[in-house]
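Coordinates in review
Here is how the chains run, residue by residue.
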Amino acid sequence: MLKTIFQLLLAAIVIWALTLPFIDADELVSDEQTSSNDIKKEKKKEKPLHNVKLPKFSEFTDVKEKKHAFFNFIKPHVEAENKKILQQRANLEIARMMIEHSEPLSKKQAGDIKKILKSYGLPETLDTITLSQALRRVDIIPKEMALMQAANESAWGTSRFARIGLNFFGQWCYKKGCGMVPRRRNSEAEHEVAAFKSVRAAVSSYFKNINTHNAYKELRTIREDLRAQQKPILATKLTYGLMSYSERGEAYIEELNTMINQNRAYFNE
């Protein structure tokens with residue numbers, strides 16, 4: 001009799017022990033779901049730092065439609081920036097030619113040139129040396145390169161930094177409160193991801209970064225050489241001057257060039 005009772009108790013303990021892991025797993029799943037829901041709520045609560053109505057890029061299910069939407073959204077700002085730069089470049093070339101021929105610049109002309117020089121971090125000196133330096137910086141960035149960097153850095157417009165701060169190019173800033181703090185930022189780091197009030201401001205900042213920062217001097221040299229040889233300024237040539245843009249180095253450049261070649265059908269639509 002006692003043996004039978006002992007066997008029944010032992011069987012009950014074994015059954016309880018076997019079912020325990022499944023009960024705990026269910027509770028763990030429940031906790032994970034709650035945690036996931038909390039994260040989603042946090043994302044929803046994080047208000048944009050701008051008033052721009054963005055397309056809901058993450059909701060596109062068709063890849064071609066998503067790409068069309070992204071390019072149509074960014075491309076007009078890239079083209080407008082290049083148009084502005086070409087006008088500035090023309091003004092610099094005219095001024096340099098006039099100075100070379102000892103022709104005086106008008107007061108307005110001189111003022112306009114000095115504004116350009118200042119905006120590109122150059123001394124406001126009206127001589128051929130300074131204007132030649134300026135022409136290395138004041139030049140276009142192929143839209144193919146700009147668009148592919150925007151797509152790559154912002155995950156086709158779906159990243160937190162693109163949605164919240166219109167930062168499509170992964171640009172950093174170093175003044176406290178200048179942008180958004182990365183969630184995985186090293187505790188000793190002080191950088192933030194820049195936030196912008198408009199898409200045009202974000203694009204202009206990207207252009208100025210490429211055209212003035214010392215890290216991209218090689219890109220500007222490649223572009224200048226192509227100009228001197230009267231060759232087209234191709235995106236797949238200039239990308240080799242972006243070695244410092246990403247920690248991935250050559251792999252990043254190869255990926256950009258692959259993306260450029262794969263998306264050529266969208267660039268001129």
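For the structure given in this document, a descriptive report is provided here. Source: prediction; values computed, not measured.

With that out of the way, let us pick up the packing of helix α2 (residues 63–100) against helix α3 (residues 107–119). Contact geometry of α2 with α3 gives a least axis separation of 10 Å together with a crossing angle of 120 degrees. Judged by the angle between their axes, α2 and α3 are oblique. Classified by chirality, the crossing of α3 by α2 is left-handed. Side by side, α2 and α3 meet where Gln88, Asn91, Leu92, Ile94, Ala95 and Met98 of the first sit next to Gln109, Ile113 and Ile116 of the second.

Here we take up unusual backbone geometry. The residue Ala155 is not glycine, and still its phi comes out positive at about 55 degrees. Tracing the sequence through the fold places Ala155 in the loop between α5 (143–154) and α6 (160–165). Within the chain, Gln230 stands out as a residue other than glycine whose phi angle is a positive 55 degrees. Structurally, Gln230 is set in the loop between α8 (217–228) and α9 (235–238).

Which parts of space are left empty comes out when a probe the size of a water molecule is rolled across the atoms. Approximately 570 Å³ is the volume found for the largest pocket. Along its surface, the largest pocket is lined by 17 residues, and Gly170, Trp172, Ser244, Tyr245 and Ser246 are the ones closest to its centre. A per-class count over the lining of the largest pocket returns seven nonpolar, seven polar and three charged.

Let us look at the pattern of salt bridges. If you walk through the whole model with that rule in mind, you get 10 salt bridges. Taking the shortest distance from any N to any O, the salt bridge between Glu224 and Arg136 comes out at 3.0 Å. Pair noted here: Glu224 is in helix α8 and Arg136 is in helix α4 (residues 128–137), with a separation of 88 residues, a long-range link. Residues joined in a network through salt bridges with shared partners are Arg89, Glu93, Asp139, Arg223 and Arg227.

Let us now look at the packing of α2 against helix α7 (residues 199–212). At their nearest, the axes of α2 and α7 sit 9 Å apart, and the two run at 50 degrees to each other. The pairing of α2 with α7 is recorded here as oblique in orientation. For the pair α2 and α7, the sense of crossing is right-handed. For the pair formed by α2 and α7, the contact residues are Phe73, Ile74, His77, Val78, Ala80, Glu81, Asn82, Lys84 and Ile85 on the first element and Val199, Arg200, Val203, Ser204, Phe207 and Asn211 on the second. Classifying every residue of the contact of α2 with α7 by side-chain character gives eight nonpolar, four polar and three charged.

This part covers the packing of aromatic side chains. Inspection of the entire model under this criterion finds 13 aromatic pairs. Seen from their ring centres, Phe70 and Trp156 are 5.5 Å apart, and the 70 degrees between their planes marks the pair as edge-to-face. Of the two residues, Phe70 is situated in helix α2 and Trp156 in the loop between α5 and α6; the sequence distance between them amounts to 86 residues. As far as the burial class goes, Phe70 and Trp156 line up, both buried. On the numbers, 4.0 Å between centres and 10 degrees between planes, the contact of Phe169 with Tyr206 is stacked. Of this pair, Phe169 sits in the loop between α6 and β1 (172–173) while Tyr206 sits in helix α7, and the two are 37 residues apart along the sequence. These aromatic residues form a ring-pair network of at least three members: Phe57, Phe70, Phe71, Phe73, Trp156, Phe168, Tyr266 and Phe267. Above the ring of Tyr120, the side-chain terminus of Lys208 is found at 4.9 Å from the ring centroid.

Conventions adopted
Residues numbered from 1 in each chain as written. Predicted model: local features only at pLDDT ≥ 70, side-chain atom pairs only at ≥ 80, totals over all residues. Heavy atoms only, no water. Axes fitted to C-alpha atoms, helices over the stretch in contact; angles between N-to-C directions. Helix = DSSP H or I, 4+ residues; strand = E, 2+ residues; numbered from the N terminus. Parallel < 35°, antiparallel > 145°, perpendicular 65-115°, else oblique. Left-handed = near helix turned anticlockwise from the far one by under 90°. Contact = heavy atoms within 4.5 Å. 1 Å grid on protein atoms, 1.4 Å probe; cavity = no way out; pocket = protein on both sides within 12 Å on 5 of 7 lines; lining within 4 Å. Points joined across faces, edges and corners; volume = space filled by probe spheres on them. Nonpolar A, V, L, I, M, F, W, Y, C, P; charged D, E, K, R; others polar. Salt bridge = Lys/Arg side-chain N within 4 Å of Asp/Glu carboxyl O. Phe/Tyr/Trp six-rings, centres within 6.5 Å; stacked < 30°, edge-to-face > 60°. Buried < 20%, exposed > 50% of the residue type's maximum accessible area, 1.4 Å probe, protein only. Lys NZ or Arg CZ within 6 Å of the ring centre and 35° of its normal.

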